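Report on the structure
Each chain is listed here by its residues.
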Amino acid sequence: MKSSAVKSVELDIDWAVQTVMPIEFQGRELHLEARAYQGVDPHCQAMVLIHRDNPSQGELPVVRVHSGCVTGDIFHSLRCDCYPQLQASMEVITTSPLGVMVYLPYHEGRGIGLVNKIRTYALQDQGYDTVDANVAIGAPIEARDYDLAAHILFDLGYSRIALLTNNPAKVNALRAEGITVVEQRSLIVNASPYNKRYLATKKERMAHLL
Ligand SMILES: [Zn+2]
């Protein structure tokens, strides 16, 4: 059932494609249900991976809404904690009866894009923290929206979820879109010498639970 709280944007969401995706994860071959969605803006696309292992009726899905990060997710950059968070989430998702990964490539650099993100890295090299660097280039500190993610969850029939995140703002953003976050589960990731300051800023200036 779709909630009446869902905005009319829902009608504009293009339900694109569905397939089965065999993946290798930590030495195991897993077959996940894979879907792709596109928002009103064709730039807003999402990859969804669903793991089902005999979920019981009314099973609470464990969900990760992951903001794409080319440097972290693909090249394992140590400047952020995206890759360990992605790995930790996949571990939980693929060992849960019902786990869902909603991957949002257009959230790159907290929504400011790859070029601006690298620009802020250059400023961080000069001593700015992650928040001040965004301010210095005139970019918003947080430019991510969660309406597509929320609509996807409604489309899947998962309006009640356990969310894997350390970010209270993400919980609030999904709640504002009508999703019931029954539970927030933190992801433990280790700091590296490169992301120490990044993680400290997340904790001190962006209220992350680290
Ligand atoms: Zn990252």
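If you're wondering where the values come from, they're calculated on a predicted model, not measured in any experiment.

1. What about the overall build of the chain?
A tally of regular secondary structure across the chain gives seven helices and seven strands. The C-alpha atoms of the chain give a radius of gyration of 17 Å, which matches the 17 Å a tight globule of 210 residues would have. C-alpha atoms of the chain, sized along the principal axes, occupy 50 × 40 × 30 Å. Out of the 210 residues in the chain, the part that is buried amounts to 47%. Taking the intrachain contacts of the chain between residues at least 6 apart in sequence as the baseline, contacts between residues at least 24 apart amount to 64%. Total accessible area computed for the chain in this model is approximately 10500 Å², and 54% of it derives from carbon and sulfur atoms. In the chain, which carries 20 positive and 23 negative side-chain charges, the distance between the mean positions of the two groups comes to 6 Å.

2. Section: the pattern of salt bridges
Counting across every chain of the model gives ten salt bridges. Among the salt bridges present, the one from aspartate 129 reaches arginine 205, with a minimum N-O distance of 2.7 Å. Linking aspartate 129 in the loop between α3 (114-125) and α4 (130-136) with arginine 205 in helix α7 (residues 196-206), this pair joins segments that are 76 residues apart in sequence. Look at aspartate 129 and you get buried, because its relative accessible area is 9%. Arginine 205 sits in the partly exposed class, given a relative accessible area of 43%.

3. Thoughts on the layout of surface pockets
A probe matching the size of a water molecule, rolled over the atoms, marks out where space remains unfilled. Quantified by volume, the largest pocket comes out at close to 310 Å³. Contributing to the lining of the largest pocket are 13 residues, with Leu49, Leu86, Gln87, Met90 and Tyr103 lying nearest its centre. Secondary structure elements with two or more residues in the lining of the largest pocket: β1 (14-25), β3 (45-52), α1 (70-74), α2 (82-93) and β5 (98-104). Looking at the lining of the largest pocket, its residues break down into ten nonpolar, one polar and two charged.

4. Notes on the pairing of strand β7 (residues 180-185)
Bridge count for strand β6 (residues 160-164) against β7 is five bridges, and the pairing is parallel. Counted as the bridge partner of isoleucine 161 is valine 181 from β7. As for the winding sense of the linkage, the β-α-β connection from β6 through helix α6 (residues 168-176) to β7 is right-handed.

5. Some words on α7
Of the positions making up α7, those classed as buried are Tyr198, Leu199, Thr201, Lys202 and Met206. Relative to the axis of α7, the buried residues are bounded by an arc of 160° and lie together on one face. For α7, the exposed residues set more than 90 degrees away from the buried face come down to Lys196 and Glu204. Contacts made by the buried residues of α7 are with α2 and α4. Looking one or two residues past α7, alanine 207 carries a phi angle of roughly 60°, positive in sign.

6. Let's talk about the environment of leucine 114
Looking at the secondary structure, you find leucine 114 in helix α3. Leucine 114 sits in the partly exposed class, given a relative accessible area of 37%. With 63 residues separating them along the chain, leucine 114 and glutamate 177 place their C-alpha atoms 26 Å apart. With residues near it in sequence (within four places) discarded, leucine 114 still touches Val70 and Glu108.

Conventions and cut-offs
- Residues numbered from 1 in each chain as written.
- Predicted model: local features only at pLDDT ≥ 70, side-chain atom pairs only at ≥ 80, totals over all residues.
- Heavy atoms only, no water.
- Helix = DSSP H or I, 4+ residues; strand = E, 2+ residues; numbered from the N terminus.
- Rg over C-alpha atoms; globule rule 2.2 N^0.38 Å.
- Buried < 20%, exposed > 50% of the residue type's maximum accessible area, 1.4 Å probe, protein only.
- Contact = heavy atoms within 4.5 Å.
- Areas by Shrake-Rupley, 256 points an atom, 1.4 Å probe, with all protein chains shown as cover.
- Lys, Arg positive; Asp, Glu negative; His and termini not counted.
- Charge placed at Lys NZ, Arg CZ, Asp CG, Glu CD.
- Salt bridge = Lys/Arg side-chain N within 4 Å of Asp/Glu carboxyl O.
- 1 Å grid on protein atoms, 1.4 Å probe; cavity = no way out; pocket = protein on both sides within 12 Å on 5 of 7 lines; lining within 4 Å.
- Points joined across faces, edges and corners; volume = space filled by probe spheres on them.
- Nonpolar A, V, L, I, M, F, W, Y, C, P; charged D, E, K, R; others polar.
- Pairing = 2+ DSSP bridges.
- Right-handed = clockwise from strand over helix to strand, strands pointing away.
- Arc of directions from axis to C-beta.

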